[in-house]
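Inside the fold
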Amino acid sequence: MSEISLKLKLELAKKLVREAGDFLLAHLTDTVEITEKSRFDDLVTNLDKAVQMQVIAGIRAAYPDDYFLAEEDADSDNSSDVKHDILDGNVWVLDPIDGTTNFIVQRDDFAVMLAYYENGIGKIGVILDVIRGNLYWGDGQKSYKNDRQISLVQKPLRESLLGVNTYMYRTNVGGLLDLSFDTLGVRAVGSAGIDYVHILDGKIWGYFSNLSPWDYAAGSVLLAPFDFVTVQLDGSPLDFKGRQMMMSVPKNQLAIIADYQAKSNEKKK
Ligand code: 2AM
Ligand code: CA
Ligand code: CA
Ligand code: CA
């Protein structure tokens, strides 16, 4: 796809995500309808679904031949496929509300995330921190926070905080607990999108979690200019299909992470 067409897609992505954020802010004090998905702590609201329909409709109107991978199931009136394989063709990847539990309980620390991939290669990433009103966007070459280009200075582990999924942290999956002893501490905010913007703001060193493609699609594009990798815990590529334990970390730290994993495996023996 030409650079000009990609620029148009990026502008549309930013506009639709901003509109989704405005919509959520306008409904922030509403009583929301909450539905359980796989279990009592896996929730969706009517607003997740409304944002998903709104964003997909906006993209479909402009790009009827593009595909979608979105978190929520499509309602019958929006029934065409929203579970397309990210590796196949021009695919928009949407997480309408990332941090739904935060949205329900705290009304804070949630994000709207949209990415665009061509045959599995990330071309556009957009994350909106809805409450703070900050839009993070990029094309894999450069990343911006609102109108300012982001520059990231990597700090040593011992001067940094880690973003973690609490289950993985508690159970020392991937040596995460061991790794954390050489940091200033851990933070678990409950939204992958907010963790990604915390990396981009220089607040955390890296992020370890158990995520689906729509949770990391935009974040991995936004971190690409800084030589971060988004990979499985052993450093191998993600399959971009189901939920996987993963990490977004500076590429030059992979060997150090592998050392912690080896040490924690040694201790378990
Ligand atoms: P979500 O709010 O869009 O579901 C912390 O829970 C992070 O993990 C959130 O970004 C959340 O995204 C994501 N996550 C992915 N799968 C989840 C699940 N089954 N239950 C809770 N959170 C999940
Ligand atoms: Ca969810
Ligand atoms: Ca999510
Ligand atoms: Ca979600």
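An unreviewed UniProt entry annotates the protein chain as Inositol monophosphatase originating from Pseudolactococcus insecticola. Recorded in UniProt under Cofactor (unreviewed entry), the annotation for the protein chain is "Mg(2+)".

1. Some words on unusual backbone geometry
Excluding glycine, a negative phi dihedral is what most residues carry, and trans is how most peptide bonds are arranged. Despite not being glycine, Asn119 shows a phi value in the positive range, around 45 degrees. Structurally, the position occupied by Asn119 is in the loop between β5 (111-118) and β6 (121-129). Located in the positive-phi region is Asn146, a residue other than glycine, with phi close to 55 degrees. Within the fold, Asn146 resides in the loop between β8 (143-145) and β9 (148-149).

2. Considering the UniProt feature "binding site: Mg(2+)" (unreviewed entry) in the protein chain
Residues given the UniProt feature "binding site: Mg(2+)" (unreviewed entry) here are Glu71, Asp95, Ile97, Asp98 and Asp215. Of the residues just listed, which span 145 residues, no C-alpha pair is farther apart than 10.1 Å, and they cluster in one region. Take Asp95: there are 32 C-beta atoms within 10 Å of it, and that puts it in the buried class. Setting aside anything within four residues of it in sequence, one finds Asp95 in contact with Glu71, Met113, Trp214 and Asp215.

About the cut-offs
Residues numbered from 1 in each chain as written. Chains lettered and ligands numbered in written order. Predicted model: local features only at pLDDT ≥ 70, side-chain atom pairs only at ≥ 80, totals over all residues. UniProt positions renumbered as here; feature names shortened; annotations may be inferred. Helix = DSSP H or I, 4+ residues; strand = E, 2+ residues; numbered from the N terminus. Buried ≥ 20, exposed ≤ 12 C-beta atoms within 10 Å, placed from the backbone. Contact = placed C-beta atoms within 7 Å.

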